[in-house]
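Secondary and tertiary structure notes
If you want the building blocks of each chain, they are given just below.
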Amino acid sequence: MMNNSSRYLFIFNPAADKGRASRKAEWLKALVADRNDSIMATTDYAGHAGEIARSGIRESSCLIACGGDGTLHEVVNAVAGEERTVGILPIGSANDFIKTLNPRKEHHKGIAHLFEGTSKKVDLGSVSFGVANHRYFVNSLGIGFTGRVAKAVKRLPWLKGELGYVYALFSVLAGYSSLNMHITITLEDSVLELHEPVFAFTVSNGKIEGGKFIISPHAELSDGLLDICILKDIRRYEFFRFVLKYLNGTHINDPKILYCKAKAVTLTLMAPEVMHMDGEVYDNILGKVGISVLPDGIRLLCDLLPEAEP
Ligand SMILES: Nc1ncnc2c1ncn2[C@@H]1O[C@H](COP(=O)(O)OP(=O)(O)OP(=O)(O)O)[C@@H](O)[C@H]1O
């Protein structure tokens, strides 16, 4: 007889990894069926992972997002504020968030590690926008350039991971120029105001975006702060130099970059723009966007740390 209070709900997105995740359906179904504490539900459409998570919350102590960062984004938004744990089975194309959560790059073959690891609370980005919209992000948020890149990535039918991201990045770059933004950053002990054209605006909880770009090298998941990375107005051709720097995180020392840790940031957009959160696209964003940190906003399953050396 299954114990409802310890049930694991696996939420499987077959559309992840440009549909390639669907090939793992039978594999996962068999692994879950082997356990008497777990069940699996498969999404039928975008947004369904969040609906499944919300309706399964009462019977599940742990909800496992089986997909990429978009699936995790939906599950986190459904679970935030509830005493539940979220796990990640990274079968999407980029799976950026888990690279900060479990940086040791261990490749787990099955699902056993999800029952043997530990858990920890991590911060969330809390975002208010439009008339009365509110969402959380767990990895990163971008407005303008990276928002448009995320939208272009979604449109690519088959290119995946870093390759898809780089292709989308250059296709957006071709028709892009800096955007006028009014930004107010609440630092730990002061406030910073910017009113100028900005090429790229990112707020991060995790370190990595777009597969391999270390946009926020100093990001910590549980420091109660968000990392802000702003690329100021540059000419389009100069961006190539930054692409190389983003790959190893050295861009933060460049005079064209503003990089800092903040408690909150407010941004006002003068024209409709694209925003992404965890790679999910929010289009036609206009006016004020308020971003703050929700310290320890969610509990996540993570790998056990290695034994300390004697
Ligand atoms: N059954 C479904 N049919 C179509 N789209 C779906 C379905 N279930 C979920 N989605 C959508 O699939 C999209 C992609 O999912 P996800 O981001 O998890 O994978 P990914 O893009 O491969 O991973 P990553 O963002 O890490 O690169 C999300 O926008 C999600 O809302």
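This one's a predicted model, so the numbers in the text were calculated from it and none came from an experiment. (Residues numbered from 1 in each chain as written. Predicted model: local features only at pLDDT ≥ 70, side-chain atom pairs only at ≥ 80, totals over all residues.)

Residues Ala 49, Ile 52 and Ala 53 constitute the buried set of helix H2 (residues 48-56). One side of H2 carries all its buried residues, which in axial view fall inside an arc of 100 degrees. Buried residues in H2 make contact with strand S1 (7-12), strand S2 (38-42), strand S3 (60-67) and helix H3 (69-79). (Buried ≥ 20, exposed ≤ 12 C-beta atoms within 10 Å, placed from the backbone. Helix = DSSP H or I, 4+ residues; strand = E, 2+ residues; numbered from the N terminus. Arc of directions from axis to C-beta. Contact = placed C-beta atoms within 7 Å.)

Another point: the site of the ligand. Around the ligand sit 24 residues in total, of which Gly 67, Gly 68, Gly 70, Gly 92 and Ala 94 are the nearest. Mapped by element, the contributors of at least two residues to the shell around the ligand are H2 and H3. If one sorts the elements of the shell around the ligand by residue count, H3 sits on top with three residues. Here the residues of the shell around the ligand are counted per class, giving seven nonpolar, twelve polar and five charged. (Near = placed C-beta within 6 Å. Nonpolar A, V, L, I, M, F, W, Y, C, P; charged D, E, K, R; others polar.)

For the rest of this paragraph, the subject is the domain arrangement of the protein. Taken domain by domain, the protein holds domain 1 (4-123 + 298-302) and domain 2 (127-295). Computed from C-alpha atoms alone, the centre-to-centre distance between domain 1 and domain 2 is 25 Å. Of the residues lining the interface, 20 residues belong to domain 1; the matching set on domain 2 comes to 28 residues. Those elements that place two or more of their residues in the side of domain 1 that touches domain 2 are H3, helix H4 (96-101) and strand S5 (118-129). With six residues, H3 is the largest single contributor of residues to the side of domain 1 that touches domain 2. Each residue belonging to the side of domain 1 that touches domain 2 can be placed in one class, and the counts come to seven nonpolar, five polar and eight charged. (Domains from an automatic or database assignment.)

Right, let's get into the packing of H2 against H3. Between H2 and H3, the shortest axis-to-axis distance is 8 Å and the interhelical angle comes to 35 degrees. Between H2 and H3 lies a crossing of right-handed hand. The segment H2 lies against H3, with Ala 49, Gly 50, Ala 53 and Arg 54 engaging Thr 71, Glu 74, Val 75, Asn 77, Ala 78 and Val 79. Its residues assigned to classes, the contact of H2 with H3 shows five nonpolar, three polar and two charged. (Axes fitted to C-alpha atoms, helices over the stretch in contact; angles between N-to-C directions. Left-handed = near helix turned anticlockwise from the far one by under 90°.)

A positive phi angle, close to 55 degrees, is found at Lys 18, a residue other than glycine. Mapped onto the secondary structure, Lys 18 falls in the loop between S1 and helix H1 (25-33). Note on Lys 18: 18 C-beta atoms within 10 Å, which makes it partly exposed. One non-glycine residue, Asp 278, lies in positive phi territory at about 55 degrees. The topology assignment puts Asp 278 in the loop between strand S12 (264-277) and strand S13 (280-302).

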